[in-house]
Amino acid sequence: MSASELNGYYFEDISVGMTASFGKTLTEADVMLFAGVSGDINPSHINEEFAKTTRMKTRVVHGMLSASLISAVLGCKLPGPGCLYVNQTSNFRAPVFIGETVTARATVTRLDAERNFVEFETICEVDGKTVLDGSALLWV
C-alpha cells in the first residue's frame, strides 16, 4: 500500500451525513475462525446437533462477528486508517445465519471539533432487514 492509502480522512474532511459500507458473506470458516480467535465456542455457533435443540433450530453466526464488520467500515473506509475507537453500542435485532451476506454501514451524525471526535450511526443488514443497530464514537 502507498502512504496515501494508509491515511484515512482527516477530521477537517469529515461532514455530517457522510456514509460508508462494507459487505461480507459470513461462511462456515468465518464462524469457526471467530470462535477460535474470540474463545466463544458456544455450541449455538459451532455444533449443529446442539443448535437443532435451540429456538433457532440451526447454528447462528456470533453477534459480535456481525458487529465486527462495523469495525471494518470505520477502520478501513470512514474515517479509515488512523482513527481510534472510543465507544460502540450494539443492539442485536435479529439472528444472522451462516451463508448470509451482512452489509455494515456507518453514517456520520455528529462532529466534536474540540476533541476531534466523530459520532456515527451504525447498522448491519441482511437482505434489507436490520440485524444490528447502534452507534460508534471515534477519535480522528
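See the structure shown above.
Residues numbered from 1 in each chain as written. Predicted model: local features only at pLDDT ≥ 70, side-chain atom pairs only at ≥ 80, totals over all residues. Heavy atoms only, no water.

Relative to the elements of secondary structure, H62 occurs in the loop between α3 (48–51) and α4 (63–76). Within polar-contact distance, the side chain of H62 engages the backbone oxygen of D40 at 3.0 Å. Ignoring any residue separated from it by four or fewer positions in sequence, one finds H62 in contact with V31, F34, A35, D40 and H45. (Helix = DSSP H or I, 4+ residues; strand = E, 2+ residues; numbered from the N terminus. Polar contact = N/O pair within 3.5 Å; in protein donor to acceptor, adjacent residues only side chain to side chain. Contact = heavy atoms within 4.5 Å.)

It is worth spelling out a nonpolar patch on the surface at this point. Together, L84, V86 and W139 line one region of the surface with nonpolar side chains, adding up to about 290 Å² of accessible area. The residue L84 is located in strand β2 (residues 84–92) in this model. A residue is classified by how much of its surface remains accessible, and L84, at 48% relative accessible area, is partly exposed. (Patch = residues over 30% accessible without salt bridge, like charges linked within 9 Å, V, L, I, M, F, W, Y side chains within 5 Å. Areas by Shrake-Rupley, 256 points an atom, 1.4 Å probe, with all protein chains shown as cover. Salt bridge = Lys/Arg side-chain N within 4 Å of Asp/Glu carboxyl O. Buried < 20%, exposed > 50% of the residue type's maximum accessible area, 1.4 Å probe, protein only.)

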